[in-house]
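# Inside the fold
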Amino acid sequence: MDSLRGQGGIQMLLTAEQEAGRIVSAARTAKLARMKQAKDEAEKEMEEYRSRLEEEYQTQISGTEQEAAAKRLEEETDGRIQNLKDSSSKVSKEIVKMLIKYVTTTGV
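Given the structure is predicted, the values throughout are model-derived calculations rather than measurements. (Residues numbered from 1 in each chain as written. Predicted model: local features only at pLDDT ≥ 70, side-chain atom pairs only at ≥ 80, totals over all residues. Heavy atoms only, no water.)

From N to C terminus, the chain includes one helix and zero strands. Taken over C-alpha atoms, the radius of gyration comes to 46 Å for the chain, far larger than the 13 Å a tight globule of 108 residues would show. Considering only C-alpha atoms, the chain reaches an extent of 155 × 20 × 10 Å along its principal axes. Counting across all 108 residues of the chain, residues that qualify as buried make up 0%. (Helix = DSSP H or I, 4+ residues; strand = E, 2+ residues; numbered from the N terminus. Rg over C-alpha atoms; globule rule 2.2 N^0.38 Å. Buried < 20%, exposed > 50% of the residue type's maximum accessible area, 1.4 Å probe, protein only.)

Printed below as a string of structure tokens:
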């Protein structure tokens, strides 16, 4: 009888060991799945953060570029206005002389 108990006990131990192996294997699989999920979530958060920072950076660059373009346009406009003033001041004396000559020589 003791031999039957010993054989039954060994069989129970083997069954328990197999069950423990399945439990450990399932726990490892669940742990790996949770780790993968956590990694995916972290990568998603990093990508969202990176996108937000990139968008803010592009907005700042865009604002700076617009300011620079406006300043450059203003400088060009001021330069052109000054050129027109210079040209008109040079020509205005000649035009006045020509008009005076025309008015005084033609007897209208």
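Don't stop here, the text continues.
For the rest of this paragraph, the subject is the UniProt feature "coiled-coil region" (unreviewed entry) in the chain. Using the residue numbers shown here, the UniProt feature "coiled-coil region" (unreviewed entry) corresponds to residues 25–59. Helix makes up 100% of residues 25–59 and strand makes up 0%, while its end C-alpha atoms are separated by 51 Å. (UniProt positions renumbered as here; feature names shortened; annotations may be inferred.)

Together, E74, E75, E76 and D78 make up a region of like negative charge exposed at the surface. Within the secondary structure layout, D78 lies in helix α1 (residues 2–105). For D78, a relative accessible area of 44% gives the class partly exposed. (Patch = residues over 30% accessible without salt bridge, like charges linked within 9 Å, V, L, I, M, F, W, Y side chains within 5 Å. Areas by Shrake-Rupley, 256 points an atom, 1.4 Å probe, with all protein chains shown as cover. Salt bridge = Lys/Arg side-chain N within 4 Å of Asp/Glu carboxyl O. Lys, Arg positive; Asp, Glu negative; His and termini not counted. Charge placed at Lys NZ, Arg CZ, Asp CG, Glu CD.)

Another aspect to go through is the pattern of salt bridges. Within the structure shown, the criterion is met by three salt bridges. A salt bridge links R22 to E19, with the nearest nitrogen and oxygen atoms 2.7 Å apart. Of this pair, R22 and E19 are both found in helix α1, three residues apart, which corresponds to roughly one turn of the helix. The partly exposed category is assigned to R22, whose relative accessible area is 49%. Across the pair D40 and K36 runs a salt bridge, and its minimum N-O distance is 3.2 Å. Residue D40 and its partner K36 are both found in helix α1; the two are separated by four residues, about one turn of the helix.

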